[in-house]
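The residues making up each chain are set out below.
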Amino acid sequence: MRRFFLAGFLVTLLGLPLAAGESERIHGFSTAGSEAQRALEARYDALLVPENLRRELETLSARPHHLGSPGSKAVAEHMAALFRSWGYEAALEEFHVLFPTPKVRILELVAPTRFTAKLEEPPLREDRTSSQKAEQLPTYNAYSGEGDVTAELVYVNYGVPADYEELDRRGIDVRGKIVIARYGGSWRGIKPKVAAEHGAIGCLIYSDPLGDGFTQGDPYPEGGWRNEWGVQRGSVADMPIFPGDPLTPGVGATKDAQRLDRAAAPTLMKIPVMPISAADAQPLLAALDGPLAPAHWRGALPIPYKLGPGGAKVRLKLEFDWRIVPAYDVVAKLRGRELPDQWIVRGNHHDAWVNGATDPLSGMVAVLEEARAVGELAKAGQRPRRTIVYAGWDGEEPGLLGSTEWVEFHAAELRQKAVAYINTDSTSRGFLDAGGSHSLERLMGQVGRDVLDPVKGISVAQRVKDATVLSGSPEARREARERKDLRLDPLGSGSDYTPFLQHLGIASVNLGFGGEDEYGQYHSIYDTYDHYVRFMDPDFSYGVTLAKVAGRATLRLANAETLPFDFTALAETVGRYVDEVEKLADSQRKDAEERNRRLDDGVYTAVDDARETWVAPPRLEPGPFFNFAPLKNAHAQLTRAAKAYDEALAKRGGAGGGEALDRLLLAAERALTRPEGLPGRPWFKHHLYAPGQYTGYGVKTLPLVREALEQREFARVDAGIAATAAALEALAQQVDAARAALD
């Protein structure tokens, strides 16, 4: 007994996985099944070879391969051939999507002096592939509006709604102006969206060195950070409405699909948008007059950051070639030996803005090595119980096109067969970053405790917990000490899990490593093999570790005796979200009452000496007291159902119920969706997680309630509470049905 407790103490202290004879039972497996699964995973680990990742990264990143390019098809064909050689049924699925590329790009300072922006990234002799100009996409924002506009310039910080509130308080109006925003603070597509809503006629987005340049470390090529000429390309489609092909919402973009007229496509930006380098931005910002920007708005350029308008007048002209181009998804299937109609889908995208060594190929080569090892196990007689579908998506960069079109086209089949989706994108070295459906939190917690960090020698989960204890908030530190498993972050958008989770309600996770790299080359011509092997993951040890983490998750889902969903963690997380929205409603009411009191008393005064003008804020409607009882009752119902399911599963030794139970479990996440979707964006159907309308990638949990409160649309709150409660009740009923199947 003393030896047992000592072993447990050392595991807790050091974060080491227990020895095979002492291991905890894997969720979804019996004791005997857990031992067999861990033995399989040991054989799987032994098959992973870092040199394979290195070789494939160099091969796949050798040429630019953006959507619609010859390089993209060549990459897809190469990957499909690899899958076939490993024993998979592999094919390319082709979709036809709108993808504009620039014909005209002009940016000029026309007053008080003249300056013409270069709009180019120079090749570097230290980077072998940076000189492939003929194949590189120029610097631009996909799905920008067209136009030739000349106007005064206004600096808007990150260009998010709160920044425009600050400008309003200073009496600065952007109507009829061109705005310039720095990257950061939100997803790039929010910046022109909000600018257009405030009447701006053009938008520039620049990379300030404070974000990913010399303030972080030596710029490329001396270090890995963005140099003065680096530009972040990227899409500015309004993806919080829907991702995928802008002309075929809700249906797969096959060659003969019915398409919207481009003028009616709601996700296309209406004003011209251009990304620029710090070097091109500096003369424009230096020419601005007007008040000095608030201290927290100032970047790292050697200029006084002024707001404008006045001083700087600029001309922006953009024209595009609006083509329909092919997107090539690589889809490879390894048929399950017992349950071939239950699918574990594992994906990463293969397209890039240019060469894309980090984004996305660092993640894609981990997928390939994972698939090769799983194929080797299958050839040796250890084929998984369920079907594994490996995918390399095309067109992720412009807006999750390849994955979204595939999901929309195969929606009926996926609703019936898809158990879960496991996504990766970019990866490097450092700490595990894991987000996803909280029904998979226990699965990923066990995986995180069973995989060792290649540098520290402790589990990847323990390393994250240790870092949180050192530098997290007091609440996060306490939880890191007390909680057995890591929390999964809720998922918003920004990668290929979006159509699976938020459109079809397929439980999903998103995985990667980072935090100890030097990555200033995002979406530039310098995101290359030469950069990656110097500054990201030089020995590919973390690429192999990602393959161990994602491979375990894939294999455990594929081999589980009972699908390893856990509703206790989900119910606990829902309870936190319910508390948050109730507190949000209370704090908003109190804030409004305090503002209105100060306005009535005439004591609402400026607090920043840099302000040259001050406009009192408008009065706010405090809002009514809302009845959150339906949400609380639904949460209590889900908590009871989860506890009963746990007890029933424990009585069966952690496994049981068979295929009938699996059918109920794989459909559980679907219960959190509703056919009508979210208000104003019905494509998003999940009622627990959604990307924010003004955060883009950032998640909004309980979005029907939270966003109605944040946007002060109080008439929507009660309906949002009712609809969300109904979704939670439907999930509780599904869990009850699963418990009954076990009984």
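Draft legend 1. Structural detail: the overall build of the protein. Counting secondary structure elements, the protein contains 23 helices and 16 strands. Relative to its length of 743 residues, the protein is compact, with a C-alpha radius of gyration of 26 Å against a globular reference of 27 Å. Counting only C-alpha atoms and orienting by the principal axes, one finds that the protein spans roughly 75 × 65 × 55 Å. Here the protein, with 743 residues, has 60% of them falling under the buried criterion. Taken as a whole, the protein presents about 27,300 Å² of accessible surface, with 52% of it coming from carbon and sulfur.

Draft legend 2. Molecular detail of the layout of surface pockets. Size it by volume and the largest pocket reaches roughly 1,400 Å³. Forming the walls of the largest pocket are 50 residues, and the residues nearest its centre are Asp359, Ser426, Tyr519, Tyr522 and Tyr697.

Draft legend 3. Highlighting the side chain of Arg372. On the secondary structure map, Arg372 appears in helix H9 (residues 357–379). Of the residues examined, Arg372 reaches a relative accessible area of 15% and is grouped as buried. Of the polar contacts made by the side chain of Arg372, one reaches the backbone oxygen of Leu47; its length is 2.3 Å.

Draft legend 4. Spatial organisation of the packing of aromatic side chains. On inspection of all chains with the given rule, the structure shows 25 aromatic pairs. Seen in terms of ring centroids, Tyr140 and Phe320 are 6.2 Å apart; in terms of plane orientation they differ by 40 degrees. Their pairing is tilted. With Tyr140 in the loop between strand S2 (115–116) and strand S3 (141–142) and Phe320 in strand S9 (residues 313–334), the pair connects residues that are 180 residues apart, well separated along the chain. Classification of Tyr140 as buried rests on a relative accessible area of 1%.

Draft legend 5. Focus on the environment of Leu702. Along the polypeptide, Leu702 turns up in the loop between strand S16 (699–701) and helix H22 (703–710). Separated by 124 residues in the primary sequence, Leu702 and Val578 have C-alpha atoms spaced 7.9 Å apart. Apart from residues lying up to four places away in sequence, Leu702 is in contact with Tyr577, Val578, Val581, Leu631, His687, Leu688 and Thr724.

Draft legend 6. Local environment of empty space enclosed by the protein. Summed over the entire model, instances satisfying the criterion amount to 4 cavities of 30 Å³ or more. Here the largest cavity defines a volume of roughly 80 Å³. Looking at the largest cavity, the residues that line it are Leu432, Ala434, Glu441, Met444, Gly445, Gly448, Ala461, Leu486, Arg487, Leu488 and Leu511. Of all elements in the fold, only strand S13 (430–436) and helix H13 (441–450) reach the threshold of two or more residues within the lining of the largest cavity. The element contributing the most residues to the lining of the largest cavity is H13, with 4 residues. Tallied by class, the residues present in the lining of the largest cavity amount to 7 nonpolar, 2 polar and 2 charged.

Draft legend 7. Focus on the pairing of strand S6 (residues 202–206). Burial within S6 is extensive, with 5 of its 5 residues counted as buried. On S6, burial covers both faces: Gly202, Leu204 and Tyr206 on one face and Cys203 and Ile205 on the other are all buried. Pairing geometry for strand S5 (residues 178–182) and S6, over 5 bridges, is parallel. When the sheet's bridge partners are listed, Ile178 is paired in S6 with Gly202. Taken together, S5, helix H6 (residues 190–197) and S6 constitute a β-α-β crossover, and its handedness is right-handed.

Draft legend 8. Spotlight on H22. Across the 8 residues of H22, 7 count as buried, placing the element largely inside the fold. Taken together, the buried residues of H22 touch helix H19 (567–601), helix H20 (629–651), strand S15 (689–691), S16 and helix H23 (717–742). Two residues or fewer after H22 comes Arg712, characterised by a positive phi angle close to 55 degrees.

Draft legend 9. The arrangement of the pattern of salt bridges in detail. Using the criterion set out here, one finds 50 salt bridges in the structure. Put simply, Asp212 and Arg226 hold a salt bridge, and the shortest N to O gap is 3.0 Å. Placement of Asp212 in helix H7 (residues 209–212) and of Arg226 in the loop between H7 and strand S7 (234–235) is noted, with a sequence separation of 14 residues between them. Exposure class is identical for Asp212 and Arg226. Each is buried. Within the structure, one salt-bridge network assembled from shared partners comprises Arg38, Glu41, Asp45, Asp450, Arg552 and Arg556.

Draft legend 10. Representation of the nonpolar core in the model. Counting residues in each nonpolar core, the largest one holds 130 residues, and the members touching the most others are Phe83, Phe567 and Leu631. The greatest single-element share of this core, amounting to 12 residues, is contributed by H9. For Leu631, the contacting residues outside a window of four places in its chain are Val578, Val581, Leu702, Val705, Ile721, Thr724, Ala725 and Leu728. By size, the runner-up hydrophobic cluster in this structure holds 77 residues, among which are Val156, Val174, Ile271 and Ile525.

Draft legend 11. Just helix H21 (residues 658–666), in detail. Here H21 has its buried residues at Leu661, Asp662, Leu665 and Leu666. Within H21, the buried residues cover an arc of 130 degrees as seen down the axis, which keeps them to one side.

Draft legend 12. Geometry of unusual backbone geometry. Here the bond from Tyr220 into Pro221 is cis, since omega is 15 degrees, no more than 30 degrees from zero. Cis geometry is adopted by the peptide bond preceding Pro309, which originates at Gly308 and carries an omega value of -10 degrees. In this structure, Pro309 sits in the loop between helix H8 (278–286) and S9. A positive phi is found at Tyr143, a non-glycine position, where the angle reads about 70 degrees. Positive phi, close to 60 degrees, is recorded for Asn157, a residue that is not glycine.

Draft legend 13. Region of interest: the environment of Glu561. With respect to the secondary-structure elements, Glu561 resides in the loop between helix H18 (541–559) and H19. For Glu561 and His27, which are 534 residues apart along the polypeptide, the C-alpha to C-alpha distance reads 9.3 Å. Apart from the residues lying within four places of it in its own chain, the contact partners of Glu561 are Gly28, Phe29, Ser30, Gly33, Arg385 and Ala655.

Draft legend 14. How the structure looks around the packing of helix H4 (residues 70–85) against H9. In contact at an axis separation of 9 Å, H4 and H9 are set at 20 degrees when each is read in the N-to-C sense. Here H9 runs roughly parallel to H4, going by the angle between their axes. Remark: the crossing between H4 and H9 carries right-handed chirality. Here Met79, Leu82, Phe83 and Ser85 of H4 come into contact with H9, specifically with Met364, Leu368, Ala371 and Lys379. Its residues assigned to classes, the contact of H4 with H9 comprises 6 nonpolar, 1 polar and 1 charged.

Thresholds applied
Residues numbered from 1 in each chain as written. Predicted model: local features only at pLDDT ≥ 70, side-chain atom pairs only at ≥ 80, totals over all residues. Heavy atoms only, no water. Helix = DSSP H or I, 4+ residues; strand = E, 2+ residues; numbered from the N terminus. Rg over C-alpha atoms; globule rule 2.2 N^0.38 Å. Buried < 20%, exposed > 50% of the residue type's maximum accessible area, 1.4 Å probe, protein only. Areas by Shrake-Rupley, 256 points an atom, 1.4 Å probe, with all protein chains shown as cover. 1 Å grid on protein atoms, 1.4 Å probe; cavity = no way out; pocket = protein on both sides within 12 Å on 5 of 7 lines; lining within 4 Å. Points joined across faces, edges and corners; volume = space filled by probe spheres on them. Polar contact = N/O pair within 3.5 Å; in protein donor to acceptor, adjacent residues only side chain to side chain. Phe/Tyr/Trp six-rings, centres within 6.5 Å; stacked < 30°, edge-to-face > 60°. Contact = heavy atoms within 4.5 Å. Nonpolar A, V, L, I, M, F, W, Y, C, P; charged D, E, K, R; others polar. Pairing = 2+ DSSP bridges. Right-handed = clockwise from strand over helix to strand, strands pointing away. Salt bridge = Lys/Arg side-chain N within 4 Å of Asp/Glu carboxyl O. Core = buried A, V, L, I, M, F, W, Y, C linked by side-chain atoms within 4.5 Å. Arc of directions from axis to C-beta. Axes fitted to C-alpha atoms, helices over the stretch in contact; angles between N-to-C directions. Parallel < 35°, antiparallel > 145°, perpendicular 65-115°, else oblique. Left-handed = near helix turned anticlockwise from the far one by under 90°.

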